[in-house]
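Listed below, chain by chain, are the residues.
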Amino acid sequence: MKVVNNKTKSIDGLGIMKGRKAYTDDYAEKDSLIVKVLRSPHPFARIVSIDDSVARNLEGIEMVLTHKDFKRIPFTRAGQGYPEPSPHDKFVLDEYVRYIGDEVLAVVGINETVVEKALGLIKVEYEVLEPVLDFENAKDNEILIHPEEEIHEMFDIGFKPKRNIAASYGMEIGDVKKTLESCDYVIKETFYTQAQAHVMLEPHTVNARMDYQNRIIIYSATQTPFHVRRIISQGLEIPLSKIRVIKPRVGGGFGGKQAIHGEMLVAYVTYKTGKSAKMIYTRKEVFESSYSRHPMRLEMTLGADKNGVLKAINCEALSDTGAYGEHALTVFMVTGSKVLPLYNKVEAVRFVGDIVYTNHTPAGAFRGYGAIQGNFALESAVDILCQKMNVNPIDFRKKNMMKEKETSPIFEIMGEGTAGTAMIMESCKLDECVDKGMDLIGWKEKYPRVETKDKIKSVGMAIAMQGSGIPYIDMGSATIKLNDDGFYNLMVGATEIGQGSDTVLTQIAAEELMTEVEKVVIYSSDTDLTPFDVGAYASSTTYVSGNAVLKAAKELKNQMIIEAARILSIDVERVNFDGKEFWDEESDKMISLVDLSNQITYSHEQKQLQVTSSYVGHKSPPPFMAGFVEIEIDKETFEIDILHYVSVVDCGTTINPMLAKGQVDGAIVQGLGMAHFEDVKYAKNGKLITNDLLNYKIPTRLDIKKLTTVFVDSYEESGPFGAKSVGEIGIDTPPAALANAVFNALGVRITSLPITSEKIFREIRR
Amino acid sequence: MKIDLTINKQKRTFLVEPNEYLLDVLRRYDYHSVRRGCDNTSCGVCTVLLDGKPVPSCSVLAIRCENRDITTVEGIEKEAEKLAHYFGELGADQCGYCNPSMALTVYALKRENKNAGDEDIKSYLVGNLCRCTGYVAQHEAIKRYLGDES
Ligand code: FES
Ligand code: FES
């Protein structure tokens, strides 16, 4: 392979570094109306009255929008396949506000100053209601967060709003209770994970204008432009054909932009007034009023026999979706489906639980998408079990974990929102990942701990898996066209959000067309101009969209060869092509691609060669990895210093090894954030205290000492050039690996995230 | 009110409000490379050089810049190209929202301390957050850039 799996620079890095116009707000019209939202100071309240008489009449105020301006059409902000597996439980604006930061009304004016002033002049009278802030007491609480009648599910997701349940799920393979009874060793532990914030550096941003055909053109920093178009159309009853959504460069997403945020209000304003409008979330709004990761409680029971065989896993989970149910069911299912198959030799496995409403900031999609929560619980529990059995946790894992050519019945039972798809692991080098990781971290010398006078050094590890798109649901497509002078345009619906998909997809096309990256010009994510793609989520872009690109490139190559055969007057089978020239061995006839493309553009039998192909996965081959952490703990303060993180990853072929490494490195650091740095704190009244970057600490440069990220040789037959996904897998292991390392150092088990010195201190004192 | 200043070696006059921050003025005047990432000076993506020193433009009142010298990444094109080269070589670029501010800060560091060691680099750049890369590839790229005498 010439282009794939070779050092190829990102195609856009130079222009981005030079500060070229690229991101959503760079494209806002100069005269855009500013849209700002008045947000609820109460966790739960009914809006009794709004006095906006002064604000409305301020010079420069265009309009004040309240719930009375909108038809009651429930929708979900979640950008997912349609019909969505998330409940339609949200209105553009509502009479009720359900968390601190929820939308009360919107003010629209000619500049920030006047809008801010107007916001201060509006008087809202609330009937303050008692909130539900403890997710463990939300189910069947007498306080109902969503009593409204219009809300509904699109298909059965276990939606029971009269019990504060957004969705529920349950599955059992074998008989867990019986199997556990037959086990020689059983452990049970309860784990808690926090509402991690995405902190993509570009806040949610959107702007809109009407064009000369009287269509609304929306620029949005989104991961799902096609879903945004659909949701706006449904929520505002604007015909789909009147809406164009363009996704420019996006400054990070991590799942946070797999939903609509300001789009609905901005689209409404522009459509209604005919004027351009824009909205940029403040950082506080990103924290409080977009969504976070689903906090969960996970009760794990594991049972093993005396031969060291893991026999049963029981996971009872509870997830807090906050005020709205975005991604509620699907995140929850991934907690089971992309975690539990790791140990596929069990006789019985069960995964059940509810996703409940509370009066907190909603939860939604976030890299890892449930798997990181499940992984923390399972991989901590495995170490607890090993300790009880007095076996080496690595030997235990190697004996019980998934291997190549094996499967798990879970794949068939659990999908995302629906049943799953059976599949065999055609590529799974997890054992190699574990071995290599042990070497790279120096496990043999360092496990479990090395003590010095004031410090203890220790190691911990965890294994993980993810998926590659959602089979039979996620669709990606690509159009490739041949231009005169022999270069190509590649149009994809796939959504570059900083992960490098434009580069990776270009490489796939270039490889197949045997040309250089420079000869393939990519344009992505414009609902008018590019073919459909579900967007950037579920680790689907390289695998699903990449396969679509490969298909299109193959077909275009065929068509070019047919043209060459015609021009050279030979049979198609006799045409050779090396990316630059078409020739016939026997007759020495030859035409270059440049000449061919010029001819069919300008002179003989002119035509445009262009191919559109689509791809829907028939399975979701999981990438696998082993993560190892080395830490140093101060014996007095219990301060944790993360010295080294080793990631050994099987993601099939790395289309772009450097970008793949970047995906893993970045995800590891986000995972370490969740594991150690990113504490989420609420005030008694449900107010998020950690609502800015001073109070919510993401890892900085100084916190990251050493990352070693390597890939094992692996080839996934069904992936483009052997590739699987790599976007999410990196985030899963740090919480459990760190918890295990802390245990190996001190013998205390921290079961809630983040793992801090205060928690260690408290545990030790107990 | 009107203020005169030099930006990227060009003398310009900007019309500003007395309470307007430099960041908002620069964006209004189409210096798109300067971006906002937070509300309270805690992310670094709005960094510009003010009289050669990196400052967060979100916390500098525009009127304070009267007769002063501002550099955005558009003013250090060649340096940005060099840094981009090393970023590309090491796969250190992801969403890039933090990149122009990084280029300015690293450029300032290079002028202040050519021999900056690992910890110097990290400390100097600690205010420039990046949520995508995990910092390690960036760090390597920055080291190569600092060592590039061309
Ligand atoms: S915008 Fe974040 S520091 Fe200025
Ligand atoms: S590359 Fe995205 S924030 Fe740094």
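Just above, that's the structure.
Model, not experiment: these values are computed from the prediction.

Caption draft 1: Structural detail: the overall build of chain B. Tallying secondary structure elements over chain B gives 5 helices and 5 strands in all. Counting from the amino terminus, helix and strand elements in chain B follow one another as β-β-α-β-β-β-α-α-α-α. For 150 residues, the compact-globule estimate of 2.2 N^0.38 gives 15 Å, and chain B sits close to it at 15 Å. Principal axes of the C-alpha set define a box for chain B whose edges measure 45 × 30 × 25 Å. With 150 residues in all, chain B has 59% of them scored as buried. Averaging the coordinates of the 20 positive side-chain charges in chain B and doing the same for the 22 negative ones gives two points 2 Å apart.

Caption draft 2: A look at the overall build of chain A. Scanning chain A from terminus to terminus reveals 19 helices and 27 strands. Expected size for 766 residues packed as a compact globule is a radius of gyration near 27 Å; at 27 Å, chain A falls within 12% of this value. Taken over the C-alpha atoms alone, chain A extends approximately 85 × 75 × 50 Å along its principal axes. Across the 766 residues that make up chain A, the buried fraction comes to 67%. By sequence separation, contacts in chain A at least 24 residues apart represent 79% of the contacts at least 6 residues apart. Working note: accessible area of chain A is about 26,300 Å², and carbon and sulfur atoms make up 49% of it. Mean positive and mean negative side-chain charge positions of chain A (88 and 106 charges, respectively) differ by 3 Å.

Caption draft 3: Representation of the pattern of salt bridges within the structure. Taken as a whole and assessed by the stated rule, the structure comprises 72 salt bridges over all chains. A salt bridge links A:K257 to A:E202; its shortest N-O distance comes to 3.0 Å. In this pair, A:K257 is assigned in the loop between β11 (243–246) and α6 (263–273) and A:E202 in the loop between β8 (185–193) and β9 (205–210), connecting sequence segments 55 residues apart. Connected through salt bridges with shared partners, the residues A:D25, A:D26, A:K278, B:R27 and B:R35 form a single ionic network.

Caption draft 4: View of the packing of aromatic side chains. A full pass over the atoms with the stated rule returns 17 aromatic pairs over all chains. Each ring, one from A:Y27 and one from A:Y219, has its centre 5.1 Å from the other, and the planes form 10°; the classification is stacked. Taken as a pair, A:Y27 in the loop between α1 (13–17) and β1 (33–39) and A:Y219 in strand β10 (residues 216–220) lie far apart in primary sequence, 192 residues in all. Taken together, A:Y169, A:F332 and A:F351 form an aromatic cluster joined through their ring pairs. Above the face of the A:Y281 ring, A:R39 is positioned so that its terminal group lies 5.3 Å from the ring centre. Sitting over the face of the ring of B:Y145, B:K110 holds its NZ or CZ atom 4.3 Å from the ring centroid.

Caption draft 5: Structural detail: the side chain of A:E496. Residues and elements named next belong to chain A. Positionally, E496 belongs in the loop between β19 (488–492) and α14 (501–512). Relative accessible area serves as the criterion here: at 1%, E496 is assigned to the buried category. If we ignore the near neighbours within four places in the chain, the residues touching E496 are D12, K247, R249, V250, S501, D502, T503, S524 and S525.

Caption draft 6: Highlighting the sheet that holds strand β22 (residues 581–583) of chain A. Residue and element names in this part refer to chain A. Across the sheet, which stays open at both edges, the 3 strands sit in the order β21-β22-β23 with antiparallel pairing between neighbours. Of all the strands in the sheet, just β21 (576–577) and β23 (590–592) have a single pairing partner and so form its edges. Two strands pair when backbone bridges link them, and β22 and β23 are joined in this way by 3 bridges, in the antiparallel orientation. The partner of W583 across the bridge, within β23, is M590.

Caption draft 7: Structural detail: the packing of helix α2 (residues 77–90) of chain B against helix α3 (residues 99–112) of chain B. Residue and element names in this part refer to chain B. Between α2 and α3, whose axes approach to 10 Å, the crossing angle comes to 110°. Overall, the two elements α2 and α3 adopt an arrangement that is roughly perpendicular. Residue-level inspection shows E79, K82, L83 and F87 of α2 in contact with α3, the latter providing N99, M102, A103, V106, Y107 and K110. Among the residues making up the contact of α2 with α3, the classes are represented as 6 nonpolar, 1 polar and 3 charged.

Caption draft 8: Region of the structure containing unusual backbone geometry. All names here are of chain A. Across the junction of Y447 and P448, the peptide omega takes the value -5°, indicating a cis bond. Along the chain, P448 turns up in the loop between α13 (443–446) and β16 (449–451). At the junction of L753 and P754, the peptide bond is cis and its omega measures out at -5° in the coordinates. Of note, P754 is situated in the loop between α18 (734–746) and α19 (757–765).

Caption draft 9: Structural detail: the packing of helix α9 (residues 371–389) of chain A against α18(A). Residues and elements named next belong to chain A. Contact geometry of α9 with α18 gives a least axis separation of 8 Å together with a crossing angle of 30°. With respect to α18, the element α9 is oriented roughly parallel. Here α9 and α18 pass one another in a crossing that is right-handed. Between α9, through I372, N375, F376, E379, S380, D383 and Q387, and α18, the contact on the second element is made entirely by P735, A736, A739, N740 and F743. Residues that form the contact of α9 with α18 fall into these classes: 6 nonpolar, 4 polar and 2 charged.

Caption draft 10: Structural context of the nonpolar core. Residue and element names in this part refer to chain A. With 209 residues, the main nonpolar core has L65, I313, F628 and V742 as its most contacted residues. Counting residues per element, this core draws most heavily on α9, which supplies 11 residues. In this structure, I313 is in contact with V176, M300, T301, L302, L340, Y343, V346, A348, V349, R350 and L378, ignoring residues within four places of it in sequence. Formed by 46 residues, the second largest nonpolar core is a distinct cluster that contains V492, A494, L593 and A723.

Caption draft 11: Spatial organisation of the pairing of β1(A). All names here are of chain A. Here β1 lies mainly inside the structure; 7 of its 7 residues are buried. Bridge count between β1 and strand β12 (residues 277–280): 2 bridges; the pairing is parallel. The residue bridging I34 from the neighbouring strand is K278, located in β12. As paired strands, β1 and strand β5 (residues 103–109) are joined by 6 bridges and run antiparallel to one another. Residue V35 lies in a different strand from β5, and its bridge partner there is V108.

Caption draft 12: Representation of the interface of chain A and chain B in the model. The partner chain B presents 53 residues to the 55 residues of chain A that form the contact. Across the chain A/chain B interface, buried area totals approximately 4,200 Å², and carbon plus sulfur atoms make up 57% of it. The three residues of chain A that bury the most area against chain B are A:M17, A:L201 and A:R701, which together make up 23% of that side's buried surface. In this structure, the salt-bridge partner of B:R27 is A:D26, at a minimum N-O distance of 2.6 Å. Our count for the contact surface shared by chain A and chain B stands at 31 residue pairs in polar contact (both at pLDDT 80 or more). Mapped onto the side of chain A that touches chain B, the elements with two or more residues apiece are α1, α7 (283–289) and α17 (657–677) of chain A. Take the side of chain A that touches chain B: its biggest share by element is 8 residues, from α17(A). The residue inventory of the side of chain A that touches chain B, partitioned by class, reads 24 nonpolar, 14 polar and 17 charged.

Criteria and cut-off values
- Residues numbered from 1 in each chain as written.
- Chains lettered and ligands numbered in written order.
- Predicted model: local features only at pLDDT ≥ 70, side-chain atom pairs only at ≥ 80, totals over all residues.
- Heavy atoms only, no water.
- Helix = DSSP H or I, 4+ residues; strand = E, 2+ residues; numbered from the N terminus.
- Rg over C-alpha atoms; globule rule 2.2 N^0.38 Å.
- Buried < 20%, exposed > 50% of the residue type's maximum accessible area, 1.4 Å probe, protein only.
- Lys, Arg positive; Asp, Glu negative; His and termini not counted.
- Charge placed at Lys NZ, Arg CZ, Asp CG, Glu CD.
- Contact = heavy atoms within 4.5 Å.
- Areas by Shrake-Rupley, 256 points an atom, 1.4 Å probe, with all protein chains shown as cover.
- Salt bridge = Lys/Arg side-chain N within 4 Å of Asp/Glu carboxyl O.
- Phe/Tyr/Trp six-rings, centres within 6.5 Å; stacked < 30°, edge-to-face > 60°.
- Lys NZ or Arg CZ within 6 Å of the ring centre and 35° of its normal.
- Pairing = 2+ DSSP bridges.
- Axes fitted to C-alpha atoms, helices over the stretch in contact; angles between N-to-C directions.
- Parallel < 35°, antiparallel > 145°, perpendicular 65-115°, else oblique.
- Nonpolar A, V, L, I, M, F, W, Y, C, P; charged D, E, K, R; others polar.
- Left-handed = near helix turned anticlockwise from the far one by under 90°.
- Core = buried A, V, L, I, M, F, W, Y, C linked by side-chain atoms within 4.5 Å.
- Buried area = accessible area lost by both parts, 1.4 Å probe.
- Polar contact = N/O pair within 3.5 Å; in protein donor to acceptor, adjacent residues only side chain to side chain.

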